[in-house]
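Listed below are the residues making up each chain.
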Amino acid sequence: MNTHKSEKFHAKTETVGSVCTVYLTGELDLSVAPDFRLVMEPLVGDTGLDLVINLKDLKYIDSTGIGILLSILKARHGMDVKFTVADVPPQIQKLFDMTGISKFFASQENSH
Amino acid sequence: MSDDIQRVVLQLPASAEYVDIVRLNLYGIASKMGFTYEDIEDMKVAVSEACNNSVLYAYGQADGMVDVIFEVGSSVLSITVKDEGESFDGLDASGERLTLHDKELNDVQVGGLGFYLMQALMDDVSVVSESGKGTVVTLTKRLNFSEEKV
């Protein structure tokens with residue numbers, strides 16, 4: 001069922017060399033969480049890639065979306081491979097800071 | 001007059017597909033009241049988390065409804081999210097804050113952030129969950145006037 005979201009969620013993947021960037025657009029909430037997981041699943045386990053999620057055009061994220069980012073962080077950390085988020089909008093950065101997920105992104109950036 | 005409270009009531013299927021409709025209505029009501037962009041964004045997150053809880057935990061696989069009641073005062077907005085499903089056991093109404101700040105990545109549990117976000121983003125949060133009778137979450141935000149009202 002399509003409720004014609006004004007900010008429909010979309011994920012676009014772009015790989016340049018060994019860097020894979022996933023660009024997110026629209027609203028990442030409970031209703032599109034399965035779509036997002038599906039896009040990320042094959043990428044998360046690929047140890048040959050540096051994985052980047054670009055949030056520049058992400059308008060909204062809920063705790064489900066933050067939870068998925070957290071499980072990607074855990075999985076990539078466990079395999080000792082790189083995972084970063086880029087271009088985080090201020091409103092989303094605020095939620096990352098509030099929940100405490102920011103420090104994990106920061107430590108990922110510093111550890112490589 | 002200033003004590004007048006007007007109610008806007010939405011009833012929706014307890015389905016993730018409809019949570020964005022709640023956000024759209026919230027945006028309309030809150031912007032009309034004069035809330036700032038930042039306050040509206042905060043409320044969008046908090047109200048969505050309350051709806052997510054009803055969608056995820058209230059009715060299991062069965063169909064159910066969620067009532068969202070906006071109570072518009074002259075300087076305060078209360079949003080009540082109400083379901084009639086199972087109560088949400090994981091919800092700690094004592095206000096324990098489940099954040100990641102003092103945790104290592106290996107110790108982190110995915111989930112449990114929604115209730116924390118509601119508390120952090122609203123002025124008041126009340127959760128009444130009664131076994132077999134459903135859950136009522138009421139979220140309140142006050143308008144902050146930077147200057148005295150004329």
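Every chain's residues receive numbers from 1 upward, in the order its sequence appears when written. Key to labels: chains lettered from A, ligands numbered from 1, both in the order written. With the structure being a predicted model, the display of local features is reserved for residues of pLDDT at least 70 and the display and counting of side-chain atom pairs for 80 or more, all residues being used for whole-chain, interface and lining totals. Calculated side-chain values reflect all of the structure's heavy atoms, with hydrogen atoms and water omitted.

In the nomenclature of an unreviewed UniProt entry, chain B corresponds to Serine/threonine-protein kinase RsbW from the organism Paenibacillus silagei.

Per an unreviewed UniProt entry, chain A carries the name Anti-sigma factor antagonist and comes from Paenibacillus silagei. According to UniProt, the comment filed for chain A under the heading Sequence similarities (unreviewed entry) is "Belongs to the anti-sigma-factor antagonist family." UniProt positions are given in the numbering used here, feature names are shortened, and annotations may be inferred rather than shown by experiment.

Participant: Sorry, what's going on with the sheet that holds strand β3 (residues 50–61) of chain A here?
Facilitator: The strands that make up a sheet are held in pairs by hydrogen bonds between backbone atoms, and each pair lies either parallel or antiparallel. Residue and element names in this part refer to chain A. Taken together, the four strands give an open sheet; going across it, the order is β1-β2-β3-β4, and neighbouring strands pair in mixed fashion. The strands lining the two open edges of the sheet, one partner per strand, are β1 (10–16) and β4 (83–86). Across this sheet, the average inter-strand angle for adjacent strands is 20°, counted without regard to direction. As paired elements, β1 and strand β2 (residues 19–28) share seven bridges and run antiparallel to each other. Paired with E14 across the bridge in β2 is T21. Pairing between strands is defined by DSSP: at least two bridges between the two strands are required. Helix and strand definitions follow DSSP, with helices as H or I runs of at least four residues and strands as E runs of at least two, each counted in order from the N terminus. Axes here mean lines fitted to C-alpha atoms, for a helix over just the part in contact, with angles spanning 0 to 180 degrees between N-to-C directions.

Participant: Could you clarify how one ought to interpret the interface of chain B and chain A in this entry?
Facilitator: You'll often see interface size given as the accessible area lost when the parts meet. Only heavy atoms matter for contacts: two residues are in contact if any of them lie within 4.5 Å across the pair. Contacts between the two partners involve 33 residues from chain B, matched on the other side by 31 residues from chain A. A 1.4 Å probe defines the accessible area here, and the buried area is the portion of it lost by two parts on being joined, summed over both. When the two sides are added together, the surface that chain B and chain A hide from each other amounts to roughly 2800 Å², 60% of it contributed by carbon and sulfur. One speaks of a salt bridge when a side-chain nitrogen belonging to Lys or Arg is within 4 Å of a carboxyl oxygen belonging to Asp or Glu. At the boundary of chain B with chain A, the tally comes to four salt bridges. Between D42(B) and K94(A) there is a salt bridge, and its shortest N-O distance comes to 2.8 Å. In protein, a polar contact requires one atom able to donate a hydrogen and another able to accept it; more generally it is a pair of N or O atoms within 3.5 Å, and residues adjacent in sequence count only if both atoms are side-chain atoms. In this structure, the connection of chain B to chain A is made through nine residue pairs in polar contact (both at pLDDT 80 or more). Counting residues per element, the side of chain B that touches chain A draws most heavily on helix α2 (residues 37–58) of chain B, at 10 residues.

Participant: Teacher, can you tell me more about α2(B) here?
Facilitator: Side chains three or four residues apart in an α-helix point the same way, a direct result of the helix having 3.6 residues per turn. All names here are of chain B. Here α2 contains 22 residues, and its C-alpha end-to-end distance of 31 Å stays within 8% of the 32 Å for a straight helix at 1.5 Å per residue. Counting buried positions along α2 yields 18 of 22 residues, so the element is predominantly enclosed. The positive-phi residue at the C-terminal boundary of α2 is G60, with phi of around 60°. Take the number of residues in a helix, subtract one, and multiply by 1.5 Å to get its expected span. Buried residues are those whose accessible area, probed at 1.4 Å on protein chains only, stays under 20% of the maximum for their type, while exposed residues exceed 50% and partly exposed ones sit between those limits.

Participant: Is there a simple way to think about the sheet that holds strand β4 (residues 124–130) of chain B in this case?
Facilitator: All names here are of chain B. Taken in spatial order, the five strands of this open sheet run β1-β2-β3-β5-β4, and their pairing is antiparallel. The two strands at the open ends of the sheet, each matched to only one other strand, are β1 (6–13) and β4. Pairs of neighbouring strands in the sheet enclose a mean axial angle of 15°, with direction left out of account. Lying over the sheet, α2 contacts β2 (65–72), β3 (76–83) and β5 (134–142), oriented at roughly 15° with respect to β3.

Participant: I keep staring at the packing of aromatic side chains and nothing clicks. Help me out?
Facilitator: Two descriptors summarise a pair of aromatic rings, namely the distance from one centre to the other and the angle between the planes of the rings. Two rings belonging to Phe, Tyr or Trp (six-membered ring only in the last case) form a pair when the distance between their centres is within 6.5 Å. Interplanar angles under 30 degrees mark stacking, angles over 60 mark edge-to-face geometry, and anything in between is tilted. Under the criterion given, the structure shown has three aromatic pairs over all chains. On the numbers, 5.9 Å between centres and 80° between planes, the contact of F9(A) with F36(A) is edge-to-face. Placement of F9(A) in the segment before β1 and of F36(A) in helix α1 (residues 33–44) is noted, with a sequence separation of 27 residues between them. By relative accessible area, which is 10% here, F9(A) ends up buried. Here F36(A) falls in the buried class, since its relative accessible area comes to 0%. Each member of the aromatic cluster is reached from another via a ring pair, and the members are F83(A), F96(A) and F105(A). Across from the ring centre of Y23(A), 5.4 Å away, lies the NZ or CZ of K12(A), which sits over that ring. In our convention, an over-ring charge means Lys NZ or Arg CZ found within 6 Å of a ring centre and within 35 degrees of that ring's normal. Positioned above the aromatic ring of Y60(A), the side-chain terminus of R23(B) is 4.0 Å from the ring centre.

Participant: Honestly, the pattern of salt bridges in this entry has me stumped. Any pointers?
Facilitator: Where charged atoms from two side chains of opposite charge approach closely, those side chains can pair. Scanning all chains against the criterion turns up 11 salt bridges over all chains. Notably, a salt bridge pairs R23(B) with D29(A), separated by 2.7 Å at the nearest N-O pair. In this pair, R23(B) is assigned in helix α1 (residues 19–33) and D29(A) in the loop between β2 and α1, connecting two distinct chains. One exposure class covers both R23(B) and D29(A), and it is buried. In the salt-bridge network here, residues are joined through shared partners; they are K94(A), E38(B), D39(B), D42(B) and K141(B).

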